Amino acid sequence: MTQFDKRNISMMMDFYEMTMANGYFESGGTNTKVAFDVFYRRNPDQGGFAIFAGLEQIIEYVENMHFDEDDINYFREQNIFDEGFLNYLKDFKFHGDIYAFPEGTIMYPNEPIMTVVADLIDAQLIETAILAQINHQSLIATKARRIVRAAEGRFVSDFGARRAHNMDAAIYGSRAAFIGGVHGTATVSAGKMFGIPVNGTMAHSWIMYFSNEFEAFKRYAEVYPESATLLVDTYDVIHSGIPNAIRVAKEICEPAGHRLKGIRIDSGDLAYLSKRVRKMLDDAGLNDCKIVVSNSLDEFTITSLLKQGAAIDSFGVGERLITAKSEPVFGAVYKIVAVEENGIFSPRIKVSENVEKITNPGLKDVYRIYDADGHAVADVIAMPNEKPDMAKPFRYIDPVKPWKQRSFTNCTAKKLLKLYVKDGKRTENLPTLNEIREYVKNQLANEVWEEEQRFENPHRHYLDMTPNYYEMKMNLLYETRSKTSN
């Protein structure tokens, strides 16, 4: 059995989670309930939004969280943990509650996209696993959506596995990319695990194995007569690859009653080559033969190619998608916001000289506000169980400009945080991956302003507060600063 086979994913945590949990245990904090929020501070690539992804894997993690005897022995070898705490871990199960946005929700900075309410140790031990899933999958889903938008309806496939940071990053990156809108993946395990359409044809090694390019194309077309897409840039696209592809189409495919499905270009000036290739194919009567391109693509190169009039039908996007190369860190954080005291959750706030690092304290709800046309105009943080009354103009506070008198008129409100885990067990069936993907697509088509979807200088989606919540935060901030200044 290899290390990979016997790993317990419950151990995927930062060591400080264990040192704190042990300290809480020795301090009698095992039954103290707390609340932690997950949020992020900035959209990747200076974009207008991000996509929430990774919830299903988080739920699977907390449902199966446990510590084996080998794990406990490993902790014992560190020589710093109380033996009573190690015995406590033998029967450990997560018994908390998790509230979250539905997976695939369009989200914005500084709003709680997930809230964990649990005993102190339970809440502390799941921090790293939660952040790892959200930070990775939300980042890739958001990047994928940008790339799909740039492609303007053309087919986009994830080609990124061999450039991913490891096997898990490739597999779950493919899942996230599909949520973000790509049409398929070259990663077989992701296709099998998640039902994502898989695609792929040949590498340059196939061409180089045979004695000549024509023979390589001929053999491939004979093996896959209904789906042959030929890689034409091994030697010379214009003078060798395309002429040989056309010859195969005429001599092998058409006599057998088939059409050459496509050609792929993986290097060179893709705009220039695609236009030249399109003319050569059309002149040969292969108007239906698709042109696929790959090689270090992202939303910026794809936008540039299409502006140049490139004749491209499909994009294979690899390293810059699966690693989110232009912005490889998402930055979601996990912060304590409340502690139960005498049966009531008392809010906690983190204060910083950097205004953007001051947290939003306490238990809370988040509402998305829609205008009469169904467009999302803002999100609003409210006190728990404080539902905005939209039957009349609803006053709200813009925390950036609190002195202004603002109100929503002729609007509706939708609560975003839902209870997905109760006492460690899921509360409902989760949507399929296709349903999550469609949810993303529908939000962007019908709810999110086009101006928020621009790549450059997107409109900022407002995160407002109810007057009650804003007053609570300001009072707590004042009290906290007063205590520290005395």
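Going by the structure above, here's the rest.
Residue indices follow the written sequence of each chain, beginning from 1 at its first position. Totals for whole chains, interfaces and linings use all residues, but because this is a predicted model, local features are given only for residues with pLDDT of at least 70 and pairs of side-chain atoms are given and counted only at 80 or more. Calculation of side-chain values draws on the structure's entire complement of heavy atoms; hydrogens and water are dropped beforehand.

## Notes on the sheet that holds strand S9 (residues 262-265)
For two strands to be treated as a pair, DSSP must find no fewer than two bridges joining them. The helix count covers DSSP runs of H or I at least four residues long, the strand count covers runs of E at least two residues long, and both are numbered beginning at the N terminus. Strand order in the open sheet made by the 6 strands is S7-S6-S11-S10-S9-S8, with parallel pairing throughout. With one partner strand each, in any of the chains shown, strand S7 (184-185) and strand S8 (229-231) form the two edges of the open sheet. In the sheet, S8 pairs with S9 via 3 bridges, with the strands oriented parallel. Counterpart to Leu231 in the pairing with S9 is Arg264.

## Thoughts on the packing of aromatic side chains
Stacked, tilted and edge-to-face pairs are distinguished by plane angle, under 30 degrees for stacked and over 60 for edge-to-face with tilted covering the rest, among Phe, Tyr and Trp rings (Trp via its six-membered ring) whose centres lie within 6.5 Å. Within this structure, the stated rule accounts for 19 aromatic pairs. Here Phe75 and Phe81 contribute two aromatic rings whose centre-to-centre distance is 5.8 Å and whose plane-to-plane angle is 85 degrees, an arrangement assigned as edge-to-face. The buried label applies to any residue whose accessible area, calculated with a 1.4 Å probe on protein chains only, is under 20% of its type's maximum; exposed applies above 50%, and partly exposed to all values in between. Taking the relative accessible area as the measure of exposure, Phe75 reaches 3% and is therefore buried. Taking the centre distance of 5.0 Å and the plane angle of 85 degrees together, the rings of Tyr209 and Phe210 count as edge-to-face. Phe210 gets classed as buried once you look at its relative accessible area, which sits at 17%. Through a chain of ring-to-ring contacts, the aromatic side chains of Phe15, Phe25, Phe67, Tyr74, Phe75, Phe81, Phe85, Tyr88 and Phe92 assemble into a single cluster. Charges are assigned to positions over rings by a cutoff of 6 Å between ring centre and Lys NZ or Arg CZ, combined with an angular limit of 35 degrees from the ring normal. A cation over a ring is seen here: Arg247 above Phe214, with NZ or CZ 3.6 Å from the ring centre. If you follow Arg437 out to its NZ or CZ, it ends over the ring of Phe178, 4.4 Å from the centre.

## So, the sheet that holds strand S21 (residues 462-465)
Spatially, S18-S14-S15-S21 is the arrangement adopted by the 4 strands of the open sheet, whose pairing is mixed. In the strand order of this sheet, the two ends are held by strand S18 (412-415) and S21, each with one partner. With direction set aside, neighbouring strand axes in the sheet form an average angle of 30 degrees. To get an axis, a line is fitted to the C-alpha atoms, and for a helix only the part in contact is used. The angle between two axes follows their N-to-C directions and goes from 0 to 180 degrees.

## Thoughts on the packing of helix H2 (residues 15-26) against helix H5 (residues 83-90)
Where H2 contacts H5, the two axes come as close as 9 Å, and the packing angle between them is 105 degrees. Overall, the two elements H2 and H5 adopt an arrangement that is roughly perpendicular. Residue-level contacts link Met18, Ala21, Asn22 and Phe25 of H2 to Gly84, Phe85, Tyr88 and Leu89 of H5. Gly is placed with the polar residues, together with every amino acid not listed as nonpolar (Ala, Val, Leu, Ile, Met, Phe, Trp, Tyr, Cys and Pro) or charged (Asp, Glu, Lys and Arg). Considered class by class, the residues forming the contact of H2 with H5 number 6 nonpolar, 2 polar and no charged. Relative orientations are named as follows: roughly parallel for angles under 35 degrees, roughly antiparallel for angles over 145 degrees, roughly perpendicular for angles from 65 to 115 degrees, and oblique for any other angle. Here, residues are in contact when the closest pair of their heavy atoms is within 4.5 Å.

## Comments concerning the pattern of salt bridges
Salt bridge, as applied in this entry: a Lys or Arg side-chain nitrogen positioned within 4 Å of an Asp or Glu carboxyl oxygen. According to the stated counting rule, one finds 32 salt bridges in the structure shown. Across the salt bridge formed by Asp45 and Lys143, the nearest N and O atoms sit 3.6 Å from each other. Taken as a pair, Asp45 in the loop between strand S1 (33-39) and strand S2 (50-51) and Lys143 in helix H7 (residues 127-151) lie far apart in primary sequence, 98 residues in all. Here the two residues Asp45 and Lys143 agree in accessibility, since each one is buried. Lys422 serves as the salt-bridge partner of Asp97, at 3.4 Å between the closest nitrogen and oxygen. Of the two residues, Asp97 sits in strand S3 (residues 97-100) while Lys422 sits in strand S19 (residues 418-422), which places them 325 residues apart along the sequence. Note on Asp97: relative accessible area 12%, which makes it buried. Among the residues examined, Lys422 registers a relative accessible area of 45% and is labelled partly exposed.

## Considering helix H12 (residues 237-253)
Across its 17 residues, H12 extends only 20 Å between first and last C-alpha, which sits more than 12% below the 24 Å expected from 1.5 Å per residue. Judged by how many residues are buried, H12 sits mostly within the fold: 12 of 17 residues are covered. Residues of H12 that are buried include every one of Val237, Ile238, Ser240, Gly241, Ile242, Asn244, Ala245, Ile246, Val248, Ala249, Ile252 and Cys253, and no others. Tucked inside the fold, the buried residues of H12 contact helix H11 (213-223), S8, S9 and helix H13 (270-283). Capping of H12 at its N-terminal end is provided by Asp236; its side-chain oxygen lies 3.2 Å from the backbone amide nitrogen of Ile238. A helix is expected to span 1.5 Å multiplied by its residue count minus one. Any N or O atom pair separated by 3.5 Å or less is treated as a polar contact, with the protein-specific requirement of one donor-capable and one acceptor-capable atom, and with residues adjacent in sequence counted only for side-chain atom pairs.

## Focus: the pairing of S9
Side chains of S9 alternate between two faces, with Gly262 and Arg264 and Ile263 and Ile265 buried alike. Note on handedness: a clockwise path from strand one over the helix to strand two, with the strands aimed away from the viewer, defines a right-handed crossover. Each parallel crossover has a hand, and for S8 linked through H12 to S9 it is right-handed. With 4 bridges joining them, S9 and strand S10 (residues 290-293) adopt parallel strand pairing. By the bridge assignment for S10, Ile263 is matched with Ile291.

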